[in-house]
Structures are given as structure tokens and as C-alpha cells.
Amino acid sequence: MLKPLLLLSTLILSGFGLIPKPSPAVLPQDAAPVPAATTKANPVKVTPEGMARAKKQYGYDCEMCHGATGDGKTDLAKDMKLAMLDLSDPKTLADVSDGTIFDLIKNGKDKMPGEGDRAKPDEIWNLVHYVRGLSKGGAPVAPGK
Ligand code: HEC
């Protein structure tokens, strides 16, 4: 009983090995040095609803480490001995692209947990707006409001 199964899986495995790898659509020398998501500008527009939701989400998932103002001077950060950056300082994220912040919020970094599938992409993009707003004294305001 075992033998045919083993034979079958060997066949399948070697079969996969025989399939030629698809050639990449973009040649390495043409490829951008950073992955697409990293360079992507925020596709989500600032709206009062989006910012209200981001504020709530920040309150649940981020504030315990980063603090309401983003300065990172929280008890949890102290307890966990986290080296926090000051998000309320405009210099902190000045050279960081929207796409990089998106990836960070989605995937996490070192001791920072990512939102993963808990947040939809547009919610994460709103959080990107929100954290950028921290260095301007609060959530960004929708144009015309
Ligand atoms: C467990 C604590 C913790 C939580 C919760 C947390 N962070 Fe962080 N965050 C960190 C740490 C630690 C860093 C790394 C600081 C560093 O880069 O040296 C960081 C870095 C950042 C940065 C700076 C990016 C950079 O270039 O380093 C941003 C922006 C950020 N977090 C946003 C968020 C948002 C938004 C949330 C909520 C969705 C969140 N964080 C939740 C701990 C946390």
C-alpha cells in the first residue's frame, strides 16, 4: 500500500522539477530596485470617515506602544524596552515612502506586530495618512473640510 503512494509522490515531485521555470517578465536590469508596494504612493484619499476609523484603529492597535501623540513614550514601550521613533517629529517619516509605511503596518517589523489580515488595504492606507498626520498635530483633514 505504501509503495505505490511513495512512487506516486516521487513522480509528482520529479514532475514538478521537470517543468521549466517561467521566465521573468522583467529582466533584472530593468527591474526597479525596490518592490512595487514600497514605492507606491497612498491611493486612498483622506476623508473624515477614513480618518475617524483610522483614529479608532490606531487607538486599539498602535497607541499602547506609540502613544496618542505618536511620541512613543508609553509604559508598554518602556516595559518591552522598545527603541521607539518619535512619530510626532516630522523628520521621522520624512524620507519614508507611503508604500514602506503600508508594508510596515501590514507586516510589522522587529517587535512591532503587523495588522496582517485584520485590516483591509484601504484601512491600512488610512493608517498611513493617520501616522503622517501625527507629526502635524493630529489626523489630516480632508480637503475642503
Ligand atoms: C508592540 C508595540 C508596537 C505596536 C503595537 C505598534 N508598533 Fe509601530 N513600531 C514599534 C517599534 C518597536 C518600531 C520600530 C522602531 C524602529 O524602527 O526603531 C515601530 C515603528 C513604527 C513606525 C516607524 C517606521 C520606521 O521606519 O521605523 C511606524 C510608522 C509605526 N511603527 C506605526 C505603527 C502603527 C500604525 C501601528 C498600529 C497599526 C503600530 N505601529 C503598532 C512598536 C509597535
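The shown structure was predicted, so the numbers you read here are calculated from the model rather than taken from an experiment.

## A look at the overall build of the protein
Within the protein, the regular secondary structure consists of seven helices and two strands. For the protein, the α and β elements follow one another from N to C terminus as α-α-α-α-α-α-β-β-α. Put simply, the protein has 145 residues, and 28% of those count as buried. Residue pairs at least 24 apart in sequence account for 58% of intrachain contacts in the protein once pairs closer than 6 positions are excluded. Accessible area for the protein stands at about 10300 Å²; split by element, carbon and sulfur atoms hold 64% of it.

## Comments concerning the coordination of the iron atom of the ligand
At this site the iron atom of the ligand is bound by H66 (NE2) and M112 (SD), with donor distances of 1.9 to 2.2 Å. Around the iron atom of the ligand sit six donor atoms; with metal-centred angles ranging over 87 to 178°, the donor geometry is octahedral. One end of the pair, H66, is in helix α4 (residues 63–66); the other, M112, is in strand β2 (residues 112–113), with 46 residues separating them in the sequence.

## Section: the packing of helix α3 (residues 48–61) against helix α7 (residues 121–133)
When two helices pack together, their arrangement is given by the angle between the helix axes and by the axis-to-axis distance. α7 packs onto α3 with a crossing angle of 85° between their chain directions and a minimal axis gap of 9 Å. The angle between α3 and α7 places the two elements in the roughly perpendicular class. Every residue of α7 that contacts α3 at G50, M51, R53, A54, K55, Q57 and Y58 is listed here: D122, E123, N126, L127, H129, Y130 and V131. Residue composition of the contact of α3 with α7, by class: six nonpolar, four polar and four charged.

## Points about the site of the ligand
Close contacts around the ligand come from 19 residues, with C62, C65, H66, K109 and M112 the closest. H66 places a side-chain nitrogen or oxygen 2.7 Å from a nitrogen atom of the ligand. Contact between the ligand and K109: an oxygen atom at 3.0 Å from a side-chain N or O atom of the residue. The set of elements that each furnish at least two residues to the shell around the ligand consists of α4, α6 (98–107) and β2. If you tally residues by element for the shell around the ligand, the top one is α4, at three residues. Here the residues of the shell around the ligand are counted per class, giving 14 nonpolar, one polar and four charged.

## A closer look at the packing of aromatic side chains
In this description, an aromatic ring pair is defined by two values, namely the gap between the centres and the angle between the planes. Applying the stated criterion to the full structure yields two aromatic pairs. Taking 5.2 Å as the distance between ring centres and 45° as the angle between the ring planes, the aromatic pair formed by Y58 and Y130 counts as tilted. Here the residue Y58 occupies a position in helix α3, and Y130 occupies one in helix α7, the gap between them amounting to 72 residues. Note on accessibility: Y58 and Y130 belong to one class, buried.

## Notes on the confidence of the model for the protein
The predicted model of the protein has a mean per-residue pLDDT of 83, with 71% of residues at 70 or higher. Here helix α1 (residues 2–18) stands out as the least confident element of the protein, with mean pLDDT 57; α4 is the most confident, with 98.

Rules behind the numbers
- Residues numbered from 1 in each chain as written.
- Predicted model: local features only at pLDDT ≥ 70, side-chain atom pairs only at ≥ 80, totals over all residues.
- Heavy atoms only, no water.
- Helix = DSSP H or I, 4+ residues; strand = E, 2+ residues; numbered from the N terminus.
- Buried < 20%, exposed > 50% of the residue type's maximum accessible area, 1.4 Å probe, protein only.
- Contact = heavy atoms within 4.5 Å.
- Areas by Shrake-Rupley, 256 points an atom, 1.4 Å probe, with all protein chains shown as cover.
- Donors = N, O, S within 2.8 Å, 3.2 Å for Na, K, Ca; no water.
- Tetrahedral: all angles 85-135°; square planar, octahedral: opposite > 155°, others 65-115°.
- Axes fitted to C-alpha atoms, helices over the stretch in contact; angles between N-to-C directions.
- Parallel < 35°, antiparallel > 145°, perpendicular 65-115°, else oblique.
- Nonpolar A, V, L, I, M, F, W, Y, C, P; charged D, E, K, R; others polar.
- Near = heavy atom within 4 Å.
- Polar contact = N/O pair within 3.5 Å; in protein donor to acceptor, adjacent residues only side chain to side chain.
- Phe/Tyr/Trp six-rings, centres within 6.5 Å; stacked < 30°, edge-to-face > 60°.
- pLDDT = per-residue confidence, 0-100.

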